[in-house]
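Here is what each chain is made of, one letter per residue.
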2 protein chains.
Amino acid sequence: MQEQLKLENQLCFRLYTASRLITQAYHPQLSGIGLTYPQYLVMMVLWEKDGQPVNDIARKLFLETNTVTPLLKRMEAEGFISRTKGQADARQVIVRLTSKGRALEKEAECIPYEVGKAVACRSITPESAPALYETLDDLIQTLSVGGR
Amino acid sequence: MQEQLKLENQLCFRLYTASRLITQAYHPQLSGIGLTYPQYLVMMVLWEKDGQPVNDIARKLFLETNTVTPLLKRMEAEGFISRTKGQADARQVIVRLTSKGRALEKEAECIPYEVGKAVACRSITPESAPALYETLDDLIQTLSVGGR
DNA sequence: TTGGTTTATATCGTTCACGATGCAAAGATA
DNA sequence: TATCTTTGCATCGTGAACGATATAAACCAA
């Protein structure tokens, strides 16, 4: 068979697997505070800047609104955020943290550190991480620009 | 806010995004031959070695049977594979390529090359790729061992 | 103002992922 | 042999992802 069609030769499969496994590593911590991983991403976006339209959140996460909208509705049902019509532009929906959502930041602070311990593998060190990040950022840049 | 809680500081978010975007890059090619990306992974496992129990396929893809079983059923419905009870061990279900599934390999041969062109980003070169693969393999190893 | 286009968000259907659980075959132990 | 445990696979429910499509507001040109 073609060498190229072997699993072990494919970048995509590695990214797919690494992504799933590291997301699983977040699960125990996140379920403790009632969030899924994608919901945690949304919270990070809002903790950094509260009160953003759906589109801004989606763009920062490289997601479409048809993924983000149901996600936000579930988060609203859980009481973490509010969704209100924009007054300047009535098409927009502005997403804001509730006090419950804002309070969660303190509880989430330790999570990157906790998960970091689980992810401590010899190939990702404080010295090598920036290069890895740059490679992945480049890849994301290439793929996201190409798709638009 | 905590620096650690910023999106741009997180490895997991990069892997999650890179994985989604590169999987999207496969979509045009794969939909042309009637496969989804996870189905394509299963096909690669079978092209490499036909006639494997569900468990072996799941293990090679780092997935659980509750993900793989419905996937295989859809692939059987599409006529790419067959699922038959193992005779040595009646608990097992042996998955085999149909002639249609086997024929697909030739059509899939060009896909890694085609997608590779789209993924050509300056940070992933033939020289740097092995180091990146090793880092990701290490990470996958760390995370998959920890979870068992 | 009318009519056409773009923009922002939402709805729908299908396919993963995955935790929790169920069940039957195989293997182990008393 | 009778029971106990493990193994292999499946079912169920929920929450993403995402392509395709819909809807209404905003914008723009005639």
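Residues numbered from 1 in each chain as written. Chains lettered and ligands numbered in written order. Predicted model: local features only at pLDDT ≥ 70, side-chain atom pairs only at ≥ 80, totals over all residues. Heavy atoms only, no water.

Caption draft 1: Fine view of the overall build of chain A. On a plain count of helices and strands, chain A comes out with 7 helices and 3 strands. Along chain A, helices and strands appear, N-terminal first, in the series α-α-β-α-α-β-β-α-α-α. Along the first, second and third principal axes, the C-alpha set of chain A runs to 55 × 35 × 30 Å. The burial tally for chain A puts 46% of its 148 residues in the buried class. Within chain A, counting contacts between residues at least 6 apart in sequence, those at least 24 apart form 48% of the total. Surface accessibility of chain A: about 7500 Å² in total, with carbon and sulfur atoms responsible for 51%. Measuring between centres, the 18 positive side-chain charges of chain A sit 6 Å from its 17 negative side-chain charges. (Helix = DSSP H or I, 4+ residues; strand = E, 2+ residues; numbered from the N terminus. Buried < 20%, exposed > 50% of the residue type's maximum accessible area, 1.4 Å probe, protein only. Contact = heavy atoms within 4.5 Å. Areas by Shrake-Rupley, 256 points an atom, 1.4 Å probe, with all protein chains shown as cover. Lys, Arg positive; Asp, Glu negative; His and termini not counted. Charge placed at Lys NZ, Arg CZ, Asp CG, Glu CD.)

Caption draft 2: Expanded view of the interface of chain A and chain B. Facing 59 residues of chain A, the contacting portion of chain B comprises 58 residues. Buried surface at the junction of chain A and chain B, both sides included, amounts to about 5800 Å², of which 70% is carbon and sulfur. Scanning the region where chain A abuts chain B turns up 6 salt bridges. Taken together, chain A and chain B are joined by 18 residue pairs in polar contact (both at pLDDT 80 or more). Those elements that provide at least two residues to the side of chain A that touches chain B are α1 (11-32), α2 (37-48), α5 (99-108), α6 (111-119) and α7 (129-146) of chain A. Looking at the side of chain A that touches chain B element by element, the count peaks at 15 residues for α1 of chain A. Here the residues of the side of chain A that touches chain B are counted per class, giving 36 nonpolar, 11 polar and 12 charged. (Buried area = accessible area lost by both parts, 1.4 Å probe. Salt bridge = Lys/Arg side-chain N within 4 Å of Asp/Glu carboxyl O. Polar contact = N/O pair within 3.5 Å; in protein donor to acceptor, adjacent residues only side chain to side chain. Nonpolar A, V, L, I, M, F, W, Y, C, P; charged D, E, K, R; others polar.)

Caption draft 3: Here's a closer look at the sheet that holds strand β3 (residues 93-97) of chain B. All names here are of chain B. Ordered by their spatial adjacency, 3 strands build an open sheet running β1-β3-β2, and the pairing between neighbours is antiparallel. Each edge of the sheet is formed by a strand with only one pairing partner; in this case those strands are β1 (52-53) and β2 (81-85). Pairing between β2 and β3: 5 bridges, direction antiparallel. Counterpart to I81 in the pairing with β3 is L97. (Pairing = 2+ DSSP bridges.)

Caption draft 4: Geometry of the protein's contact with DNA strand C. Close to DNA strand C lie 26 residues; Y16, R20, T69, K73 and R83 of chain A are nearest. When the atoms of DNA strand C within 4 Å of the protein are grouped by moiety, sugar and phosphate amount to 74% of the total. V93 of chain A has a polar backbone atom sitting 3.0 Å from a phosphate oxygen of DNA strand C. Within the contact set of DNA strand C, a base oxygen lies 2.8 Å away from a side-chain nitrogen or oxygen of N66 of chain B. Sorting the residues of the surface near DNA strand C by element identifies α1, α3 (54-60) and α4 (65-77) of chain A together with α2 (37-48) and α4 (65-77) of chain B as the ones contributing at least two each. (Near = heavy atom within 4 Å.)

Caption draft 5: View of the relation of the copies chain A and chain B. Superposing chain A onto chain B requires a rotation of 180° together with a translation of 0.0 Å along the rotation axis, leaving an RMSD of 0.0 Å. Both copies are brought into coincidence by an operation consistent with a two-fold rotation axis. Both copies present the same face, since 98% of the interface residues in chain A are matched by interface residues at the equivalent positions in chain B. (Least-squares fit on C-alpha atoms with pLDDT ≥ 70 in both.)

Caption draft 6: Structural view of the layout of surface pockets. In this model, the largest pocket occupies a volume close to 510 Å³. Together, 18 residues line the largest pocket, and Q4 and L11 of chain A together with P112, G116 and Y133 of chain B are the ones closest to its centre. Listing elements by their share of the lining of the largest pocket, those giving two or more residues are α1 of chain A together with α1 (11-32), α6 (111-118) and α7 (129-146) of chain B. Within the lining of the largest pocket, the residues separate by chemical class into 13 nonpolar, 5 polar and no charged. (1 Å grid on protein atoms, 1.4 Å probe; cavity = no way out; pocket = protein on both sides within 12 Å on 5 of 7 lines; lining within 4 Å. Points joined across faces, edges and corners; volume = space filled by probe spheres on them.)

Caption draft 7: Spatial organisation of the protein's contact with DNA strand D. Neighbouring DNA strand D are 26 residues; Y16, R20, T69, K73 and R83 of chain B lie closest to it. In this structure, a phosphate oxygen belonging to DNA strand D sits 2.7 Å away from a main-chain N or O atom of N55 of chain B. V93 of chain B is positioned such that a nitrogen or oxygen atom in its backbone is 3.0 Å from a phosphate oxygen of DNA strand D. For the surface near DNA strand D, the secondary-structure elements that each account for two or more residues are α2 and α4 of chain A together with α1, α3 (54-60) and α4 of chain B. A breakdown of the residues in the surface near DNA strand D according to their chemical character gives 8 nonpolar, 11 polar and 7 charged.

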